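Reading the structure
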Amino acid sequence: MAAPKAIIFDLGNVLLPIDLDKTYAAFSVYSSLNKEEIGSVIIENQLWVPYESGKQSDVEFREFLRSRLDLTISDLEFDEAFSALLLDFHPGVYEWIVSLQSTYHLILLSNTSSIHAERFTKVSLGPTGENLFSLFHQVYYSFEMGLVKPDPAIYHRVLMEQGFEPSQVLFFDDNLANINSAKSIGIDSYLIDPKHTFIQIQEILDTYVS
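Since the structure is predicted, the reported quantities are computational estimates derived from the model, not experimental observations. (Residues numbered from 1 in each chain as written. Predicted model: local features only at pLDDT ≥ 70, side-chain atom pairs only at ≥ 80, totals over all residues. Heavy atoms only, no water.)

On to the overall build of the protein, then. Counting its secondary structure elements, the protein contains eleven helices and five strands. A compact globule built from 210 residues would reach a C-alpha radius of gyration of about 17 Å, and the protein, at 18 Å, matches this within 12%. Expressed along its principal axes, the backbone C-alpha trace of the protein runs to roughly 55 × 40 × 25 Å. Put simply, the protein has 210 residues, and 46% of those count as buried. (Helix = DSSP H or I, 4+ residues; strand = E, 2+ residues; numbered from the N terminus. Rg over C-alpha atoms; globule rule 2.2 N^0.38 Å. Buried < 20%, exposed > 50% of the residue type's maximum accessible area, 1.4 Å probe, protein only.)

Listed below in structure tokens is the structure:
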């Protein structure tokens, strides 16, 4: 197979481990609902989608979840609980992305929020304190785009702005709906197991030849 010219990476559970249960548990401390109930309400009603698509401000999102999850919580406590899901970056992720820079046009495409981005972009991983995101040719955050995966429009926009055809790109994500959406417009897309991210992605890349 011909080598791709560009790679689109998801962030959560691909390059940055996350644990949603930690946020559900953290919110439950301030709620009449338990961890399981909070998780169910969030998932079944897709409560984060308006915020991650840029349709709510930080203030509006906090008030929205306070109401929906019966939270009695300060802004600081809210941001800490909401960010509890963010774990430490995989060891070696910075060096591994560096190793790909000269071969591929690297793109990050993440469904995320300003509260979370404020935190993970401040994590120093490089030899002189650089964050991971400085290594990508382009970084796309859903809340800045006004779009969220799996909407096909988000992939079309990335391809158009970066100047690639779908056949020239690989996409790695841990969400099946996102993978299927990208495949539907012709992008070679691979579902990543969060337990084997680097090994799995490198094995896939090694199957492509120039």
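Read from one edge of the open sheet, five strands run 3-2-1-4-5, paired in parallel fashion. The open sheet has two free edges, formed respectively by strand 3 (138–141) and strand 5 (188–191), since each of these has just one partner strand. Each strand of the sheet is rotated relative to its neighbour by a mean of 15°, with strand direction disregarded. Pairing of strand 1 (residues 6–9) with strand 2 (residues 105–110), which is carried by four bridges, proceeds in the parallel orientation. (Pairing = 2+ DSSP bridges. Axes fitted to C-alpha atoms, helices over the stretch in contact; angles between N-to-C directions.)

This next bit is on the nonpolar core. With 30 residues, the main nonpolar core has Phe9, Leu15, Ile97, Leu132 and Phe172 as its most contacted residues. No other element matches the five residues that helix 6 (residues 93–101) contributes to this core. For Phe172, the residues in contact, after removing those within four places along its chain, are Ile7, Ile8, Phe9, Asp10, Val14, Tyr190, Ile192, Ile201, Ile204 and Leu205. (Core = buried A, V, L, I, M, F, W, Y, C linked by side-chain atoms within 4.5 Å. Contact = heavy atoms within 4.5 Å.)

The next point concerns the packing of aromatic side chains. Counting across every chain of the model gives 18 aromatic pairs. Their ring planes at 65° and their centres at 5.9 Å tell us that Phe120 and Tyr141 sit as a pair that is edge-to-face. Separated by 21 residues along the polypeptide, Phe120 in helix 7 (residues 114–120) and Tyr141 in strand 3 bring together distant segments of the chain. When its relative accessible area of 3% is taken as the criterion, Phe120 is described as buried. Pairwise contacts between aromatic rings join Phe9, Trp96, Phe136, Phe172, Tyr190 and Phe198 into one cluster. (Phe/Tyr/Trp six-rings, centres within 6.5 Å; stacked < 30°, edge-to-face > 60°.)

Turning next to the environment of Tyr24. Note on placement: Tyr24 falls in helix 1 (residues 20–28). Judged by relative accessible area, which is 5%, Tyr24 ranks as buried. Residue contacts for Tyr24: discarding those within four places in its chain leaves Lys35, Ile38, Gly39, Ile42, Ile43 and Trp48.

Okay, helix 1 next. Those residues of helix 1 lying buried are Thr23, Tyr24, Ala26 and Phe27. Buried residues of helix 1, seen end-on, are gathered within an arc of 165° and therefore sit on one face of the element. On its buried side, helix 1 packs onto helix 2 (35–45), helix 4 (58–68) and helix 5 (75–82). Put simply, Asp19 is the residue that caps the front of helix 1, since its side-chain oxygen is 3.1 Å from the backbone nitrogen of Asp21. (Arc of directions from axis to C-beta. Polar contact = N/O pair within 3.5 Å; in protein donor to acceptor, adjacent residues only side chain to side chain.)

Our focus in this paragraph is unusual backbone geometry. For the bond running from Lys149 to Pro150, omega is 15°, close enough to zero to count as cis. Mapped onto the elements, Pro150 comes out in the loop between helix 8 (142–145) and helix 9 (152–162). The backbone of Asn13 sits at a positive phi, close to 65°, despite the residue not being glycine. For Asn13, the position within the fold is in the loop between strand 1 and helix 1. What makes Asn13 buried here is its relative accessible area of 16%. Phi angles above zero are rare outside glycine, and Gln46 is one such case at about 45°. Among the structural elements, Gln46 can be located in the loop between helix 2 and helix 3 (49–52). A residue is classified by how much of its surface remains accessible, and Gln46, at 52% relative accessible area, is exposed.

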